[in-house]
Amino acid sequence: MAAVFFFIAGLGAIAGAIGVVTTRNPFYAVLALVGHLLSLAALFLLLRAEFVAAAQVVVYAGAVMVLYVFVVAYVGGQADPVRVAGGPALKVGAVVFAALLAIELFIAVLGSGLKALDSEGAPYEAGFGTPGAIGELFLTRFLFPFEAASFLLLIAAVGAVVLARRRGGLVGGDPRDLAPVDVPRPLGTGTMREAVSGQVGTPAELAEPPVTAPAGDERGGW
Amino acid sequence: MLRTYLPAIVFVGLGTLVGAIFTMMNSWFGPKRKRTPTTFKQDPYECGLPSEVQQGFRFGISFYLIAMLFILFDIEVVFLYPVAVQLRAFGTFALIETIVFIALLVVAFVYVWRRGALEWR
Amino acid sequence: MISLPFADVTYYEPWWVQIIKAIVIFAVGLQLVPVVLVVERKLLGRFQHRYGPNRVGPFGALQPLADIVKLATKEQFRPRTSIGWLFAIAPVISILTAVAALSLVPFGGVVDIFGTDVGLYGVDVSIGPLYLFAFGAVAFYGIMLGGWSSGSKYSFLGSMRAAAQLISYEVSQGLALVGVVMTAGTLSMSGIVEAQEGMWYVIPQFVGFIIFLTASFAETNRPPFDLVEADAELVGGYNTEYGGGRFASYFFAEYLNVVVVSGIVVTVFFGGWLLPFGIDTPGWLQPFVVLFKMTFFIVFFIWIRATLPRLRYDQLMSFGWKVLLPLATLNALVTAIVVVATD
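Note that the structure is a prediction, hence the values are computed from the model and not measured. (Residues numbered from 1 in each chain as written. Chains lettered and ligands numbered in written order. Predicted model: local features only at pLDDT ≥ 70, side-chain atom pairs only at ≥ 80, totals over all residues.)

Trainee: Account for the overall build of chain B, with residues named and values stated.
Mentor: Counting its secondary structure elements, chain B contains five helices and zero strands. Listing every helix and strand of chain B by position from the N terminus yields α-α-α-α-α. (Helix = DSSP H or I, 4+ residues; strand = E, 2+ residues; numbered from the N terminus.)

Trainee: With reference to specific residues and values, describe the overall build of chain A.
Mentor: Scanning chain A for helices and strands turns up seven helices and zero strands. When the helices and strands of chain A are read in sequence order from the N terminus, they spell out α-α-α-α-α-α-α. Burial status across chain A gives 23% buried among its 222 residues. Counted over contacts in chain A with a minimum sequence separation of 6, partners at least 24 positions apart contribute 51%. (Buried ≥ 20, exposed ≤ 12 C-beta atoms within 10 Å, placed from the backbone. Contact = placed C-beta atoms within 7 Å.)

Trainee: Lay out the interface of chain A and chain C with the relevant residues and their values.
Mentor: On the side of chain C, 25 residues touch chain A, which itself brings 22 residues to the contact. Counting residues per element, the ones that place at least two in the side of chain A that touches chain C are α2 (26–46) and α3 (50–74) of chain A. Per-element tally for the side of chain A that touches chain C: the top contributor is α3(A), with ten residues.

Trainee: Any details on the interface of chain B and chain C? Residues and values, ideally.
Mentor: On the side of chain C, 73 residues touch chain B, which itself brings 55 residues to the contact. Those elements that provide at least two residues to the side of chain B that touches chain C are α1 (6–29), α3 (61–85), α4 (87–90) and α5 (92–114) of chain B. Considering every element that reaches the side of chain B that touches chain C, the biggest residue donor is α1(B), with 18 residues. Looking at the side of chain B that touches chain C residue by residue, the classes come out as 37 nonpolar, 13 polar and five charged. (Nonpolar A, V, L, I, M, F, W, Y, C, P; charged D, E, K, R; others polar.)

Trainee: Tell me about the domain arrangement of chain A, and please be specific about residues and values.
Mentor: Under the domain assignment used here, chain A contains domain 1 (1–79) and domain 2 (130–167). When each unit is reduced to the centre of its C-alpha atoms, the spacing between domain 1 of chain A and domain 2 of chain A is 22 Å. (Domains from an automatic or database assignment.)

Trainee: Can you break down the environment of F73(B) residue by residue, with the values?
Mentor: Residue and element names in this part refer to chain B. Tracing the backbone through its elements, the reader meets F73 in helix α3. On the basis of neighbour count, F73 is assigned to the buried category, with 27 C-beta atoms found within 10 Å. Note: C-alpha distance between F73 and F109 (36 residues apart in sequence) is 9.2 Å.

Trainee: Please set out the nonpolar core residue by residue, giving values where relevant.
Mentor: Within the largest apolar cluster, 190 residues are counted, with the highest numbers of intra-cluster contacts made by V66(A), A67(B), L69(B) and V99(C). Take this core: its biggest share by element is 20 residues, from α3(B). The residue makeup of this core includes at least three contributed by each of domain 1 (1–79) and domain 2 (130–167) of chain A. (Core = buried A, V, L, I, M, F, W, Y, C linked by C-beta atoms within 7 Å.)

Trainee: Report on the pairing of strand β1 (residues 106–113) of chain C, specifying residues and quantitative values.
Mentor: Residues in a regular strand project their side chains so that they alternate between the two faces of the sheet. Residues and elements named next belong to chain C. In the sheet, β1 pairs with strand β2 (residues 116–121) via five bridges, with the strands oriented antiparallel. Counted as the bridge partner of D112 is D117 from β2. In textbook terms, the turn of a hairpin is the stretch between consecutive antiparallel strands, and for β1 and β2 this stretch comprises two residues, one of which, F114, has a positive phi near 50 degrees. (Pairing = 2+ DSSP bridges.)

Trainee: Which residues make up helix α10 (residues 286–307) of chain C, and what values do they have?
Mentor: For α10(C), which comprises 22 residues, the first-to-last C-alpha distance of 32 Å matches the rise-based estimate of 32 Å (1.5 Å per residue) to within 8%. Buried residues in α10(C) make contact with α1 (15–47), β1, β2 and α9 (244–269) of chain C. (Expected span 1.5 Å × (residues − 1).)

Trainee: Could you give me a rundown of α5(B), with the residues and numbers involved?
Mentor: Residue and element names in this part refer to chain B. A rise of 1.5 Å per residue sets the reference length of α5, with its 23 residues, at 33 Å; its end C-alpha atoms lie 32 Å apart and thus fit the reference within 8%. Taken as a whole, α5 has its buried residues at A94, L95, E97, T98, F101, I102, L104, L105, A108, F109 and V112. In the stretch just after α5, G116 is the one whose phi turns positive, near 80 degrees.

Trainee: Could you give an account of unusual backbone geometry, naming the residues involved and the relevant values?
Mentor: Of note in the backbone geometry, R48(A) takes a positive phi value of approximately 70 degrees without being a glycine. Considering the arrangement of structural elements, one finds R48(A) in the loop between α2 and α3. Taking the number of C-beta atoms within 10 Å as the measure of exposure, R48(A) has 18 and is therefore partly exposed. The backbone of F59(C) shows a phi angle near 55 degrees, a positive value even though the residue is not glycine. Looking at where F59(C) falls in the secondary structure, it is placed in the loop between α1 and α2 (63–72).

Trainee: Explain the packing of helix α4 (residues 129–149) of chain C against helix α5 (residues 153–184) of chain C residue by residue, including any values.
Mentor: Residue and element names in this part refer to chain C. Viewed as axis vectors pointing N to C, α4 and α5 meet at an angle of 170 degrees, and their least axial separation amounts to 8 Å. Accordingly, the angle class assigned to the pair α4 and α5 is roughly antiparallel. The segment α4 lies against α5, with P129, F133, G136, F140, I143, M144, G146, G147 and W148 engaging S155, F156, G158, S159, A162, A163, L166, E170, G174 and L177. Class assignment for the residues of the contact of α4 with α5 results in eleven nonpolar, seven polar and one charged. (Axes fitted to C-alpha atoms, helices over the stretch in contact; angles between N-to-C directions. Parallel < 35°, antiparallel > 145°, perpendicular 65-115°, else oblique.)

Trainee: Requested: an account of the confidence of the model for chain B, with residues and values cited.
Mentor: Residue and element names in this part refer to chain B. Across chain B, the average pLDDT comes to 83, with 86% of residues at or above 70. Mean pLDDT across the elements of chain B ranges from a minimum in helix α2 (residues 39–42), with 76, to a maximum in α1, with 90. Model confidence for the complex is summarised by a pTM of 0.85, with the ipTM given as 0.87. (pLDDT = per-residue confidence, 0-100.)

Trainee: Which residues make up the environment of V118(C), and what are the values?
Mentor: All names here are of chain C. Secondary-structure assignment places V118 in strand β2. Taking the C-beta count within 10 Å as the criterion, V118 has 20 such neighbours and is therefore assigned buried. The spacing of V118 and V17 is 101 residues in sequence and 7.4 Å in space, taken between C-alpha atoms. Beyond its immediate stretch of four places on either side in the chain, V118 contacts E13, V17, K21, V110, V111 and I113.

Here is the structure:
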């Protein structure tokens with residue numbers, strides 16, 4: 001059962017990753033990346049890392065990819081497919097670096113992963129991967145990274161605002177702020193009611209008798 | 001792990017089934033037209049005068065900024081949950097760590113607010 | 001095949017019980033949606049001094065049946081500018097995330113049914129609310145794809161607005177629950193309910209409750225936060241181009257989300273299946289207690305719809321970021337201090 005899910009999720013992850021680099025339309029590339037990230041979350045779940053799986057979906061698929069979607073919308077949606085930037089040097093460089101990365105991964109897998117094939121795998125402790133266990137680790141072993149994350153988020157916030165300002169997105173205060181006081185509209189300055197009825201006056205002065213259902217209306221009742 | 005989540009998988013399967021039925025039911029029960037529909041029918045919805053705005057139009061920087069800030073605070077929330085679970089167990093120590101964590105984000109929040117990034121335009 | 005030391009943490013039943021209970025909960029949730037629909041139209045009618053549906057069946061009770069028959073017999077159609085497969089998939093995503101979120105609502109504890117111990121919930125996972133937010137994150141793509149693949153500017157604009165609204169209120173929704181998690185010391189839904197023996201969290205976590213409820217209105221696109229649909233400005237928002245069954249599935253997802261959110265509010269703040277004053281709830285009564293409590297919140301959703309006008313878009317955004325978010329942060333801080341101080 002677990003093997004079936006592993007292969008579904010694994011194939012999904014690979015297909016998503018291939019989709020990201022092969023589709024030309026930026027929106028489809030973003031969607032492929034979302035599919036890839038969801039498959040990764042499923043793999044984490046199979047590894048019993050519940051919290052990491054949930055965080056993967058909430059933070060990556062739910063937040064980071066939202067930013068990507070907005071960026072795609074900001075630079076102009078489906079109208080123009082991505083043009084390949086850079087010359088032949090970039091293409092050669094990309095292939096070389098991809099090959100190097102692949103070799104590195106193979107070394108890592110062959111060097112350590114295959115030896116573990118016949119073993120029982122890492123021992124499983126009760127509560128592994130639950131938020132409680134993660135919280136304990138945050139407060140003991142990974143205390144510094146936990147607090148550093150907060151600091152990094154602060155820097156990121158500053159960075160986002162600075163970038164937006166450079167783009168001319170933020171200038172001065174907003175003149176369209178809500179009026180501090182609600183000033184009642186003077187009579188005869190164009191409310192919908194005045195336009196329709198041709199009469200000028202406060203609603204109370206113009207009040208009409210309430211509409212009541214005629215007696216014996218057969219549609220009535222619950 | 002899978003066993004705990006088995007009902008969730010069943011739910012997702014059932015949801016997909018219902019969704020697929022809803023999506024396809026017009027093909028089964030709906031009227032079938034042989035002729036291709038007219039251009040006017042195939043057009044996307046339009047109201048009033050035909051407008052110049054095309055579908056690929058650009059969106060304001062506000063969307064981008066809001067999404068950026070959302071990432072920050074979303075990570076904050078996700079980080080806070082595990083620590084919140086352990087708050088009682090670790091007592092004062094966890095409290096201090098939580099306060100430091102939130103305080104740094106409050107600084108970020110105040111900065112963002114003062115810089116006008118929360119004004120929608 | 002090597003046998004791995006599988007030792008599951010949380011209790012679970014035999015696999016066939018799990019599948020049966022999932023189907024039962026799903027069927028109940030499915031049946032609730034048309035009921036909510038007709039109750040809403042009936043109540044809205046009464047709130048607005050008209051009758052509401054009263055022609056189909058007794059008191060108009062069969063109205064949803066008539067609606068679905070009508071929607072099912074529409075022509076399958078999509079505009080020329082749309083992208084076929086995405087246009088078809090988007091409503092499915094919306095509905096499947098709503099259904100999956102339903103599995104988190106616990107309708108009772110672990111009870112003995114014909115000699116088998118059955119937990120009256122879909123899943124009781126250690127990540128609790130994060131499970132809900134994870135599916136909420138996927139639901140975002142249902143709306144976004146629907147709007148984008150229609151190839152209509154109204155739909156696209158509507159879905160962009162929806163996206164910004166959803167993310168703005170998700171933070172407050174998540175933060176509002178941090179206080180509860182601190183008090184309960186667990187994220188498991190049934191754990192949170194059991195921690196409420198003695199006092200429901202609505203009393204110590206009242207601010208959290210208000211924030212969560214408000215943010216939930218925005219997350220489910222219900223008035224006064226229904227800017228996503230905003231009939232008057234966006235001619236229907238992201239589902240402008242949809243008709244027939246596909247439109248129905250967006251609608252269905254929205255109402256199912258209302259049911260789910262009511263269930264979560266009841267679970268987290270109103271003691272789930274617990275009765276007040278420490279009265280012991282027998283096992284068979286527990287689902288009915290939960291459903292009874294949920295009814296209040298479903299009606300509350302309808303009541304608010306009939307009462308409050310829609311916000312303007314910039315008001316909506318500043319309310320989420322400048323009011324709810326600081327309030328939720330403050331609530332988390334104060335709760336942390338109180339929990340540690342009183343422990």
